Amino acid sequence: MAACSEIMGFLRPSSFLLGSGSLLLRGNQNKQSLAFPALCPDGQGRRRRLRSAKTAAAPVKAAINEDVIKMVAGEKARAGKVMLRAALTVRRKHKEDIKEVIVNQLDALTDKIGRNVVLQLISTEIDPRTKKQKKSGATVIKDWFEKKNVKGERVVYTADFEVNSSFGEPGAITVINRHQKEFFLESVVIEGEGEGEGSTSGPVHFSCNSWVQSTKDLPKKRIFFSNKSYLPSETPEGLRELRETELNELRGDGKGIRKLSDRIYDYATYNDLGNPDRGSEFARPTLGGEKIPYPRRCRTGRPPTDTNMLAESRVEKPHPIYVPRDEAFEELKQGAFAAGRLKAVLHSFIPSLIASISADNHDFKGFHHIDNLYKEGLILKLGLQEQLLKKLPFVKKIQESSEGLLRYDTPSILTKDKFAWLRDDEFARQTVAGINPVSIERLQSFPPVGNLDPAIYGPPESAITEAHISGQLEGLTVQQAVEEGKLFMLDFHDIYLPFVDRINMMDGRKAYATRTLFFLTPIGTLKPIAIELGLPPQQPGASRPSMVLMPPRDATTNWLWMLGKAHVCSNDAGVHQLVNHWLKTHAAMEPFILAAHRQLSTMHPVFKLLHPHMRYTLEINALARQSLINADGVIESCFTPGPIGMEMSAAYYKHHWRFDLEGLPADLIRRGMAVADHTQPHGLRLILPDYPYADDGLLLWSAITRFVGAYVQIYYPDSDPNRVRSDSELQAWYHECVDVGHGDHRHASWWPPLDTASDLVALLTTLIWIASAQHAALNFGQYPLGGYVPNRPPLMRRLVPDPERDADEYKAFLADPHCFFLSSMPSVLQATKFMAVVDTLSTHSPDEEYLGETRDGAAAWTADEEAAAVYRAFAAEVAAAEEEIESRNADPSRRNRCGAGVLPYELLAPSSGPGVTGRGVPNSVSI
């Protein structure tokens, strides 16, 4: 609000018309409005009550400052000249340390004596006589010093240009920052009128949203283009050279160490996950290349490690890892992420101390100890507080000042039914409405058959036989159940089996290759009917040791069944995190983002469409390489596969990942969960009558498809079928995505073509789906559903007891199955560390931008009203989808989302407030 007051004091309800030799004050009759970015929130919610935490602000409408009238009135404008005024909106930090305050004041003082911000306008036209760009003279921001003490998030500065009356429309502006410190330029608005052919009329908006570096870091001029879209072939003559210049400055050449201030986009393999200099146990293979295919990441150019020239040295937290400057988290996001990281430190630091003091690793002694994490806090009820405080008195201060941080929020899974996780129907329900609803598939033949080499891994057929399941099919034969689409499966057999021996050799980690069969009941819900727990053959090609568990008949089989389900959930957690979440959304999107910045001008309509869906992804992926997927990182520490987890991810990428099957309809058909049916609203018919992820996902998929289709038609109409093929930037972008970013699959036959407008619609729809709805469905339920570790243990430490394999183990199980079960799950340290991290990863930032959220404001994302209208229609359709989702969650016939103790399915409800909400679809992979 302070910024609002400052700006309204600067702006007056006047306008001006400057001609070649006269000044006309038009007053309100012909006032030219200048719309500034949202500075004064209007207090209105977006479209729902949950949007109140982040309201869409109304643009402030104001005319050019009266000072320009006085200036020109006192000094007659020169003949043939036009006066233009630029209003630059600069976003300031909410909190500045003392060093930043001092530098700001020094910059203000040096600005007064000539070390200032220099601007120059470039016209869309060229001089017909010289055939060169029309440029204004260089000018400076004139009120930086005067506004040095202005408080508020945004400050508007002004600069004046005098140009020829034939200058034409400003198409670009260059900025040189001679201050010591970078500043964040949010937008520029140019306004003014002149007489003569080609004169400027009305405001011209430049949506910048970029850090402008000091000349000591970046000597070159920064180039910003107006918010008008141009295909490469339609670029105005005055901007053609600048368009290519700007792209060339963003493209790396694979050389040099990147500085944090750089804006360079380039590619590298994942050769920085390990740290061999710490010891051989911290070395990790390079992901990416012929040996281990993987998507490419953003190159940082750090020097190699001392012990392996092919491994890149690491930057460990809290030191920042390079991403192009404009990709870094903004202040609100950084603050929210830092707060989450602090919570993670406090949650995992205390158990680490406990583990180091005590001789054992502390298993949970009972389910009530897990419950106490949400009630009294971590160290208060584990019988450890006294010994801890005796040895480390400072912990008491942490406890007293941060007790709230040491207490975990109650996960949603416990809020409606504390014991829901124990039930088979809830175990099955979460396969279609849980954290990982994209692994369930229809069983299309019996028995299930794997695709691994039988000469190595033994017979491919499942150990589950008709005898195991025939009595659980409501009177159907197995063949009838298959033909009628009644049998479904979670199949983690092939992805785990090649790695099981390596996992089981690790201390405190145990795994099986699992298959789980489900039957579709008459009321439309699934029930588990068999679990296969497989181990690799002892000799290549020999039969595989397997255990098949069926629903329990007595106390003993009940505990065995619980352990079997826990192993299935652990496998599901690993595939979810390493494949469906990390690989398919985070890692797979990064090459498309890098190529977009390198090959698509900001003027390109496809870049404007994709830009919101690329926000923060490079930064969060860099942080993941630093702390999550690295050697000894969170994923290795907390998930069963441990140090080989990323190799499993790469194996899936090599053998199974296909971009053409990453769209929702194609994926549903691939998994047998739907069949093509053009009589249905979405062009397919779901096999499951109640599949919340697919039901809600298709609403958003269809909205995205219609939006992208209408948008693409504006720039690539059917009347010109060659436009897509002849778009040099578009083709260069897609070819680089395939040939470089996903270069290990560049020869695959399944890459979709990019020849027609419909090809482009399919490509862009898939990318937007992955970045928004698909990532949201896989990410924001992690703490609400997985924060209670028994519901979904990410790590298992003991195999299911088998009297033939280990009689002593089985005897210990019979003596105390409760203790055996808890000792099979993560320890206190592992569980609390995992909970803290997924709590942070499930949190929406206060500055999050959600799917269908309004893009109104002075610095509009496009100057094309037709494109803006298409987006407004999309926003309305997303709002309608949210209403439909709410209605579905109240429908008692939808038993997978409504009923006694059943959680509603809200992961694809588009809107959300900040925090852990279990809902909300951000535009991009931003956490």
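Residues numbered from 1 in each chain as written. Predicted model: local features only at pLDDT ≥ 70, side-chain atom pairs only at ≥ 80, totals over all residues. Heavy atoms only, no water.

A. A look at the packing of aromatic side chains. Counted according to the given criterion, the structure contains 34 aromatic pairs. With 5.2 Å between their ring centres and 90 degrees between their planes, Tyr270 and Tyr294 make a pair best called edge-to-face. Of the two residues, Tyr270 is situated in the loop between β14 (267–268) and β15 (297–298) and Tyr294 in the loop between β14 and β15; the sequence distance between them amounts to 24 residues. Residue class for Tyr270 comes out buried when judged on its relative accessible area of 1%. A residue is classified by how much of its surface remains accessible, and Tyr294, at 0% relative accessible area, is buried. When the centroid spacing of 5.6 Å and the interplanar angle of 75 degrees are considered together, the rings of Phe707 and Tyr871 count as edge-to-face. In this pair, Phe707 is assigned in helix α20 (residues 692–715) and Tyr871 in helix α28 (residues 865–889), connecting sequence segments 164 residues apart. Judged by relative accessible area, which is 3%, Phe707 ranks as buried. If you follow Lys148 out to its NZ or CZ, it ends over the ring of Phe145, 4.0 Å from the centre. When the ring centre of Trp211 is taken as reference, the NZ or CZ atom of Arg325 above it lies at 4.3 Å. (Phe/Tyr/Trp six-rings, centres within 6.5 Å; stacked < 30°, edge-to-face > 60°. Helix = DSSP H or I, 4+ residues; strand = E, 2+ residues; numbered from the N terminus. Buried < 20%, exposed > 50% of the residue type's maximum accessible area, 1.4 Å probe, protein only. Lys NZ or Arg CZ within 6 Å of the ring centre and 35° of its normal.)

B. Region of the structure containing unusual backbone geometry. Residue Pro318 follows Lys317 across a cis peptide bond; omega there is 10 degrees. Relative to the helices and strands, Pro318 is located in the loop between β15 and α5 (331–357). The omega torsion across Phe446 and Pro447 is 0 degrees, close enough to zero to call that bond cis. Residue position: Pro447 is located in the loop between β16 (441–442) and α10 (454–457). The backbone of Glu474 sits at a positive phi, close to 55 degrees, despite the residue not being glycine. Mapped onto the secondary structure, Glu474 falls in the loop between α11 (466–469) and α12 (478–483). Of note, Asp632 is a non-glycine position whose phi angle comes to about 65 degrees, a positive value. Among the structural elements, Asp632 can be located in the loop between α16 (617–627) and α17 (634–638).

C. Spatial organisation of the environment of His368. Along the chain, the position of His368 falls in helix α6 (residues 367–375). A residue is classified by how much of its surface remains accessible, and His368, at 48% relative accessible area, is partly exposed. Here the side chain of His368 touches His369 through a polar contact of 3.4 Å, side chain to side chain. (Polar contact = N/O pair within 3.5 Å; in protein donor to acceptor, adjacent residues only side chain to side chain.)

D. Molecular detail of the pairing of strand β17 (residues 487–491). Of all five residues in β17, four are buried, a share of seventy percent or more. Here two bridges tie β16 to β17, and the two strands are oriented antiparallel to one another. Each residue of the ladder has a partner; that of Arg442, found in β17, is Phe488. Summarising the sheet, β17 and strand β18 (residues 513–520) pair through five bridges and their orientation is antiparallel. The residue bridging Leu487 from the neighbouring strand is Phe519, located in β18. (Pairing = 2+ DSSP bridges.)

E. Structural view of the sheet that holds β18. The strand order across the open sheet formed by five strands is β16-β17-β18-β19-β20, and the pairing between neighbours is antiparallel. Taken across any chain shown, the strands that pair with only one partner, and hence form the sheet edges, are β16 and β20 (546–549). Here eight bridges tie β18 to strand β19 (residues 526–534), and the two strands are oriented antiparallel to one another. Note on β19: the bridge partner recorded for Thr516 is Ile531. Packing of helix α9 (residues 424–433) onto the sheet brings it into contact with β17, β18 and β19, and relative to β19 it is tilted by some 85 degrees. (Contact = heavy atoms within 4.5 Å. Axes fitted to C-alpha atoms, helices over the stretch in contact; angles between N-to-C directions.)

F. Spatial organisation of the side chain of His586. When you line up the elements, His586 lands in helix α14 (residues 555–599). A polar atom in the side chain of His586 sits 3.1 Å from the side chain of His581. Polar side-chain contacts of His586 include one of 2.9 Å to the side chain of Asn621. Sequence-distant contacts of His586, that is, excluding residues within four places in its chain, are made with His581, Ile620, Asn621, His775, Val925 and Ile927.

G. The environment of Phe184, seen in detail. When you line up the elements, Phe184 lands in strand β11 (residues 183–191). Apart from residues no more than four positions distant in its own chain, Phe184 is found in contact with Thr89, Val90, Arg91, Asn209, Ser210, Trp211 and Glu330.

H. Up close: α14. The end-to-end C-alpha separation of α14 is 63 Å, in line with the 66 Å expected for 45 residues at 1.5 Å each. Taken as a whole, α14 carries its principal kink of about 50 degrees at Trp582. Among the 45 residues in α14, 42 count as buried, and that is most of the element. The opening residue of α14, the one whose side-chain oxygen lies 3.3 Å from the backbone nitrogen of Thr556, is Asp554. (Expected span 1.5 Å × (residues − 1). Bend = angle between axes of the 7 residues up to and from the residue.)

I. Up close: the side chain of Glu186. With respect to the secondary-structure elements, Glu186 resides in strand β11. Residue class for Glu186 comes out buried when judged on its relative accessible area of 6%. Within polar-contact distance, the side chain of Glu186 engages the side chain of Arg154 at 2.8 Å.

J. Molecular detail of the environment of Val432. As for its placement among the helices and strands, Val432 is situated in helix α9. On the basis of relative accessibility, which here comes to 2%, the residue Val432 falls in the buried class. Separated by 259 residues in the primary sequence, Val432 and Tyr691 place their C-alpha atoms 5.6 Å from one another. Other than its neighbours up to four places away in sequence, Val432 contacts Pro437, Ile440, Leu526, Leu688, Asp690, Tyr691, Pro692, Tyr693 and Asn896.

K. Highlighting the packing of α14 against helix α23 (residues 757–779). Between α14 and α23, whose axes approach to 10 Å, the crossing angle comes to 155 degrees. What the angle tells us is that α14 and α23 run roughly antiparallel. Crossing geometry of α14 relative to α23 is assigned as left-handed. Residues His576, Asn580, His581, Lys584, Thr585, His586, Met589 and Phe592 of α14 touch α23, and the partners they reach there are Leu767, Ile770, Ala771, Gln774, His775, Leu778 and Asn779. For the contact of α14 with α23, the residue count by class is six nonpolar, eight polar and one charged. (Parallel < 35°, antiparallel > 145°, perpendicular 65-115°, else oblique. Left-handed = near helix turned anticlockwise from the far one by under 90°. Nonpolar A, V, L, I, M, F, W, Y, C, P; charged D, E, K, R; others polar.)

L. Main features of the sheet that holds β11. Read from one edge of the open sheet, four strands run β9-β5-β11-β12, paired in antiparallel fashion. Edge positions in the sheet fall to β9 (154–164) and β12 (204–212), since each has one partner strand and no second. Averaged over all pairs of adjacent strands, the angle between strand axes in this sheet comes to 20 degrees, irrespective of strand direction. Bridging between strand β5 (residues 81–91) and β9 involves 11 bridges; their strand directions are antiparallel. Bridge assignment links Thr89 to a residue of β9, and that residue is Val156.

M. Up close: the nonpolar core. Core analysis: the biggest nonpolar cluster contains 191 residues, and Tyr294, Tyr693, Tyr716 and Trp733 have the highest contact counts within it. Excluding anything up to four places from it in sequence, Tyr716 contacts Leu231, His604, Val606, Arg723, Val724, Asp727, Leu730, Ala757 and Leu760. Formed by 29 residues, the second largest nonpolar core is a distinct cluster that contains Ala108, Ile141, Val163 and Ile190. (Core = buried A, V, L, I, M, F, W, Y, C linked by side-chain atoms within 4.5 Å.)

N. Focus on the confidence of the model for the chain. Chain-level pLDDT for the chain is 86 on average; 85% of the residues reach the 70-or-more range. Of the regions scoring below 50 in pLDDT, residues 1–77 engages in 167 contacts with residues more than four places distant in sequence or in other chains. In this model residues 388–395 is a low-confidence stretch, pLDDT under 50, and it forms 15 contacts with partners more than four residues away in sequence or in other chains. (pLDDT = per-residue confidence, 0-100.)

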